[in-house]
Amino acid sequence: MASPIADLTYRNYDGPLEPAMNRWWAIAKLSIKLSIKKKGFWLWASMSAFWYVILLIVFYFNDSVTQNVGPAAQKLSLMNNLIWKDQFLNSFSESQLFLFILALLTGAGTIANDNRAKALLVYLSKPCSKLDYVIGKWMGIFIPITLVTAIPAIVFYVYCLMSYRALGFWTQDPWLIVKLCLMVLIPGITYSSITLAISSLFQQGRLAGGVFAGVYFISYFVTLAMEGFNASQQMQGQSPPDIVKNLFYCSVDGIQIGMAKVILGTNGSPKLPFPGQMGKNLIVPAPSGWIIVPIFLLICGVSVLLAWSQIRAVEVVN
Amino acid sequence: MTVATIQNLVVQYGNFTALNGFSCEIQEGCTGLLGPNGAGKTTLIKTILGFIKPTSGTATVLGYDMATAGKSIRQKVGLMPEQDCHIPGTSAVQFVAYAGELAGMPEGQAIRRAHEVLDYCGLGEARYRNVETYSTGMKQRIKLAQALVHGPKLLLLDEPTNGLDPAGREEMLDLVRSVSHGKGLSVLVSSHLLPDIERVCDRVIVVMKGQLRAQGTIKELKSLEGRPIDVELRENSPTFVTALQSKGIMVMPPKRTTYRIQMPGIPEEVAKVVYQTARETGAQVRGFVVAERSLEDAFLEAISAQ
């Protein structure tokens with residue numbers, strides 16, 4: 001029984017209303033809330049920054065050793081020949097697998113679970129359009145993934161700016177921060193577009209996740225194979241054919257790494273465990289921006305359009 | 001006052017015509033949308049909300065044109081769909097508040113209002129439970145709560161008692177009756193269950209094969225042509241019948257001790273003649289009511305008419 005002071009009568013709502021333009025934000029906000037409630041989100045988000053942590057540890061020991069040993073050691077310091085923007089590129093490349101897992105957690109079920117629960121009847125019976133829904137769902141994946149990519153990159157940038165200006169961090173590329181701001185958008189755009197499209201095709205989040213993982217790993221295998229082929233050709237002193245370089249970027253990971261190389265304006269440099277010639281053999285030159293940027297935009301655009309076309313409140317059989 | 005006006009609405013799914021030149025007026029209050037399965041009731045609701053584009057025809061809902069002001073209509077309309085639907089991974093209060101936010105309510109207002117509406121729908125105790133764990137009856141209630149949260153002026157209820165046990169059905173009907181009377185809210189209840197409609201609605205619209213077959217108040221639909229009167233006697237009295245017939249009154253064969261009589265004039269005049277005749281013939285009158293048919297008979301007549 002209700003308490004005597006509880007007023008359970010129905011009253012009409014005549015309070016304030018948000019502008020119609022803001023409906024997508026309500027959808028994005030709930031998607032983000034549901035994502036960050038998952039423990040896995042925080043685990044994989046932390047893991048995605050592991051390369052920055054490794055770099056910081058290496059820099060710390062390098063600084064300690066050079067300070068203790070003196071000028072002779074400083075000449076041999078790792079920092080002298082470091083290309084700073086490549087450290088961001090390497091960290092970006094290494095975080096790809098973790099960002100993929102995050103996209104799987106946050107995005108695979110975003111529309112598929114709504115299809116299962118017939119939630120579109122709720123969304124579209126409110127003053128909320130298909131466009132609001134698609135933008136809201138897209139942003140619900142884009143915002144967390146972008147923040148997870150951006151926060152460690154910016155923290156690392158600020159740390160390097162404060163600590164290594166004398167070692168050319170600023171002078172090597174004064175526009176690095178702008179390039180980084182563009183680079184950190186790439187995983188968010190890629191994963192939100194692709195997962196949205198795949199998710200919209202299914203009625204079960206797990207099925208959508210399985211298909212997304214399949215697409216990711218099959219295409220990743222192509223990138224790995226091309227990387228290996230490229231390295232073996234280079235070790236034999238031969239230049240790999242162009243098709244190898246292009247196919248390297250034909251994967252979910254590859255296209256993002258290619259875009260990052262184009263934005264940063266670098267081919268990359270050996271990662272820390274593989275310095276010297278061995279590391280150089282693993283480097284695949286940056287793709288042409290005139291080719292990869294339109295392909296990237298096309299893939300993302302088509303994915304969003306596919307999701308858009310799948311969204312309807314009721315199944316109409318013609 | 002008219003809440004919605006629909007004129008010559010045609011909706012086709014390929015070659016199948018679901019609504020065929022359907023026209024009707026939905027008045028303020030509680031209106032039942034009656035029709036057998038596949039008559040076009042749900043199609044009508046989905047078309048009003050803009051889920052399905054009509055082939056032709058026009059509709060005005062709460063003064064807004066269906067073709068051009070879909071969003072404005074949905075701002076003022078609440079839908080309780082027939083199928084189970086919810087937002088995955090949310091508790092009841094999150095779900096209902098979210099429905100409010102989707103309708104444009106600020107977050108704080110939406111949460112406050114969600115608590116109010118959940119209390120009203122009888123889900124106050126279960127508000128923090130995940131909706132996916134709810135029973136069928138609770139799922140029906142939560143659908144009603146999410147439809148009510150933004151304070152609609154017109155509520156569309158599609159088979160609100162589907163899958164409910166008798167007690168749950170009674171509670172849901174009480175809730176619908178309560179919300180549709182004296183709250184400034186008009187309700188359109190789509191159902192094929194005549195007792196449900198008769199219990200909560202004031203008016204009905206009968207749909208069959210995508211066409212309007214009848215509309216009006218339940219009383220009008222149940223009334224019989226010529227306004228006959230049922231007169232119940234203590235026991236059968238052939239002298240009473242003969243005396244009435246001699247006065248030019250038509251008397252139909254009795255059902256037990258009840259005679260259906262028909263004569264021109266208002267019921268008061270008829271009553272005067274009946275009581276006078278009873279006094280003259282020594283018959284004891286036990287009942288005197290204006291005869292009406294059941295809603296089921298009215299419905300069957302409406303859907304069988306070509």
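Since the structure is predicted, the reported quantities are computational estimates derived from the model, not experimental observations.

Draft legend 1. Representation of the overall build of chain A in the model. Helix and strand counts for chain A stand at 17 helices and zero strands. Relative to all contacts within chain A whose residues are 6 or more apart in sequence, the contacts with residues 24 or more apart total 83%.

Draft legend 2. Quick peek at the overall build of chain B. In terms of regular secondary structure, chain B is built from eleven helices and 14 strands. By its C-alpha atoms, chain B is 75 × 45 × 30 Å across when sized along the principal axes. Evaluated residue by residue, chain B yields a buried proportion of 44% over its 306 residues. If you take every contact in chain B between residues at least 6 apart in sequence, the share linking residues at least 24 apart comes to 67%.

Draft legend 3. Summary view of the domain arrangement of chain B. Splitting chain B by domain gives domain 1 (2-83 + 148-222) and domain 2 (229-290). Placing a centre on the C-alpha atoms of domain 1 of chain B and another on those of domain 2 of chain B gives a separation of 42 Å.

Draft legend 4. The pairing of strand S13 (residues 258-262) of chain B, seen in detail. All names here are of chain B. Covered by surrounding structure in S13 are Tyr 259 and Ile 261 only, the residues Thr 258, Arg 260 and Gln 262 on the alternate face being uncovered. Direction of pairing for strand S11 (residues 229-233) relative to S13: antiparallel, over a ladder of four bridges. For Val 231, the partnering residue across the bridge sits in S13 and is Tyr 259. With two bridges connecting them, strand S12 (residues 250-251) and S13 associate as antiparallel partners. When the sheet's bridge partners are listed, Val 251 is paired in S13 with Ile 261.

Draft legend 5. Focus on the pairing of strand S1 (residues 2-13) of chain B. All names here are of chain B. The sheet contact formed by S1 and strand S2 (residues 16-27) spans nine bridges and is antiparallel. Directly across from Val 10, in S2, lies its bridge partner Asn 20. Linking two consecutive strands that pair antiparallel, namely S1 and S2, is a turn of two residues; a positive phi of about 65° is found at Gly 14 within it.

Draft legend 6. Highlighting the interface of chain A and chain B. Residue-level contacts link 34 residues of chain A with 36 residues of chain B. Listing elements by their share of the side of chain A that touches chain B, those giving two or more residues are helix H1 (23-36), helix H7 (112-116) and helix H8 (120-124) of chain A. By residue class, the composition of the side of chain A that touches chain B is 22 nonpolar, six polar and six charged.

Draft legend 7. Structural context of the confidence of the model for chain B. All names here are of chain B. Across chain B, the average pLDDT comes to 91, with 100% of residues at or above 70. Mean pLDDT values for the elements of chain B range from 87 in helix H11 (residues 295-304) up to 97 in helix H3 (residues 92-102). If you check the scores for this complex, the pTM reads 0.89 and the ipTM reads 0.88.

Draft legend 8. Structural context of the sheet that holds S13(B). Residues and elements named next belong to chain B. In spatial order, the strands read S12-S13-S11-S14; together these four strands make up an open sheet with antiparallel pairing. Because the sheet does not close on itself, it has two edges, and the strands there are S12 and strand S14 (285-290). Set on the sheet, helix H10 (residues 267-281) makes contact with S11 and S14; between it and S14 the angle comes to about 160°.

Draft legend 9. Spotlight on the sheet that holds strand S6 (residues 77-80) of chain B. All names here are of chain B. Taken in spatial order, the six strands of this open sheet run S6-S7-S8-S3-S9-S10, and their pairing is mixed. The outermost strands of the open sheet, each flanked by one partner alone, are S6 and strand S10 (211-217). Sheet twist, expressed as the average angle between the axes of neighbouring strands with direction ignored, equals 15°. As paired elements, strand S9 (residues 203-208) and S10 share six bridges and run antiparallel to each other. Looking at S10, one finds that Ile 205 is bridged to Gln 215. Running at roughly 145° to strand S7 (residues 154-158), helix H1 (residues 41-48) makes contact with strand S3 (30-34), S7, strand S8 (186-191) and S9 of the sheet.

Conventions adopted
- Residues numbered from 1 in each chain as written.
- Chains lettered and ligands numbered in written order.
- Predicted model: local features only at pLDDT ≥ 70, side-chain atom pairs only at ≥ 80, totals over all residues.
- Helix = DSSP H or I, 4+ residues; strand = E, 2+ residues; numbered from the N terminus.
- Contact = placed C-beta atoms within 7 Å.
- Buried ≥ 20, exposed ≤ 12 C-beta atoms within 10 Å, placed from the backbone.
- Domains from an automatic or database assignment.
- Pairing = 2+ DSSP bridges.
- Nonpolar A, V, L, I, M, F, W, Y, C, P; charged D, E, K, R; others polar.
- pLDDT = per-residue confidence, 0-100.
- Axes fitted to C-alpha atoms, helices over the stretch in contact; angles between N-to-C directions.

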